[in-house]
Amino acid sequence: MKTALEQLPQQKTGRQTDFTYEQKFDTLDAAHKAFHAAAGRMLSVNNWHDYAGAGSAEFTLCNNQGQELEVMAEEGFFISIDLPAPGPDAGGGVEWVLVEKLASEGGAHTAEEYVLMTLRPVADPRKAAAEIAHFYTDESTNTFIVRRDGLVLSAGAHGRNETPNNEVVGLHDKIRNTAIALMARVGLSGGQWQKLVNGLIEYQEAI
């Protein structure tokens, strides 16, 4: 089987980012149980704000018409992202991405098990317009991985080909997307993703 990292999109242009967090367990059973809990959190997109904490973006899982879904993420679903900043005109005030790929491998008795989800910027599914509703172009991807390697559980957010979306968009979005992409480039988005991957492993559900 392919490892999780072998399934990341190839880096060709723009910026690459990697944010990871890991925790080691005393037994394989404990590591496997923690993996399942963290994988469930990764697929519970509507709760990502809770896992990342105060000041983070709001994520909403949607169908292909932009209507909110209260289920686990699946390939072909959309996610709206409400950043703590002015949103794009093309997305009606929010960014939009598609769950392009969802893959899982392994089990309790394998050396490695993982769940992987790749997101790609897309147009607002509620509109007929084809403008990408995100501050990055649709060449960009962000892949989230929850992985157990032996006794070590890790979570990661891996950005590839991150390029500002400032060509085929309106003037307002061109200025806005360039500014936010620049903020991301100097590290201001890193805190968001680092807090999320930490939370995928550390978050404690209320009993």
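Please refer to the structure placed before this passage.
Residues numbered from 1 in each chain as written. Predicted model: local features only at pLDDT ≥ 70, side-chain atom pairs only at ≥ 80, totals over all residues. Heavy atoms only, no water.

A few words on the side chain of Ser80. Relative to the helices and strands, Ser80 resides in strand 3 (residues 78-82). For Ser80, a relative accessible area of 10% translates into the label buried. Residues in contact with Ser80, not counting those within four places in the same chain, are Glu58, Phe59, Thr60, Cys62, Val94, Glu95 and Trp96. (Helix = DSSP H or I, 4+ residues; strand = E, 2+ residues; numbered from the N terminus. Buried < 20%, exposed > 50% of the residue type's maximum accessible area, 1.4 Å probe, protein only. Contact = heavy atoms within 4.5 Å.)

With that settled, consider helix 1 (residues 28-43). The terminal C-alpha atoms of helix 1 lie 23 Å apart, and with 16 residues this matches the ideal 22 Å at 1.5 Å per residue to within 8%. Burial in helix 1 covers these residues: Ala31, His32, Ala34, Phe35, Ala38, Ala39, Gly40, Arg41, Met42 and Leu43. (Expected span 1.5 Å × (residues − 1).)

Attention shifts here to the packing of aromatic side chains. Tallying each qualifying case throughout the model produces six aromatic pairs. Measuring from centroid to centroid gives 6.1 Å for Phe59 and Trp193, while their planes differ by 45°, and the two rings are tilted. Separated by 134 residues along the polypeptide, Phe59 in strand 2 (residues 58-62) and Trp193 in helix 4 (residues 190-202) bring together distant segments of the chain. A residue is classified by how much of its surface remains accessible, and Phe59, at 4% relative accessible area, is buried. (Phe/Tyr/Trp six-rings, centres within 6.5 Å; stacked < 30°, edge-to-face > 60°.)

Right, let's talk about the pattern of salt bridges for a bit. Between side chains of opposite charge, pairing is possible as soon as their charged atoms come close. Tallying each qualifying case throughout the model produces nine salt bridges. Between Arg147 and Asp149 there is a salt bridge, with its nearest N and O atoms 3.4 Å apart. Relative accessible area serves as the criterion here: at 23%, Arg147 is assigned to the partly exposed category. Each of Glu112, Arg147 and Asp149 takes part in a single network of salt bridges with overlapping partners. (Salt bridge = Lys/Arg side-chain N within 4 Å of Asp/Glu carboxyl O.)

Quick look at the nonpolar core now. The biggest cluster of nonpolar side chains holds 36 residues, and the ones touching the most others in it are Met42, Trp48, Ile79, Met117 and Val146. Here this core takes seven residues from helix 1, the largest share from any one element. Once residues within four sequence positions are removed from consideration, Met42 is found in contact with Trp48, Val115, Leu116, Met117, Phe144, Ile145, Val146 and Leu200. (Core = buried A, V, L, I, M, F, W, Y, C linked by side-chain atoms within 4.5 Å.)

This part is about the side chain of Glu112. One can find Glu112 in strand 5 (residues 112-121). Here Arg147 takes part through its side chain, which lies 2.4 Å from a polar atom of the side chain of Glu112. If we ignore the near neighbours within four places in the chain, the residues touching Glu112 are Met1, Thr3, Ala4, Glu105, Gly106, Gly107, Arg147 and Arg148. (Polar contact = N/O pair within 3.5 Å; in protein donor to acceptor, adjacent residues only side chain to side chain.)

Read across the open sheet, the seven strands follow the order 1-7-6-5-4-3-2; overall the sheet is antiparallel. Only two strands of the sheet have a single neighbouring strand rather than two, namely strand 1 (15-24) and strand 2. Neighbouring strand axes in the sheet, compared pairwise and without regard to direction, differ in orientation by 20° on average. Note that strand 5 and strand 6 (residues 141-149) share eight bridges and pair antiparallel. Bridged to Glu113 within strand 6 is Arg148. (Pairing = 2+ DSSP bridges. Axes fitted to C-alpha atoms, helices over the stretch in contact; angles between N-to-C directions.)

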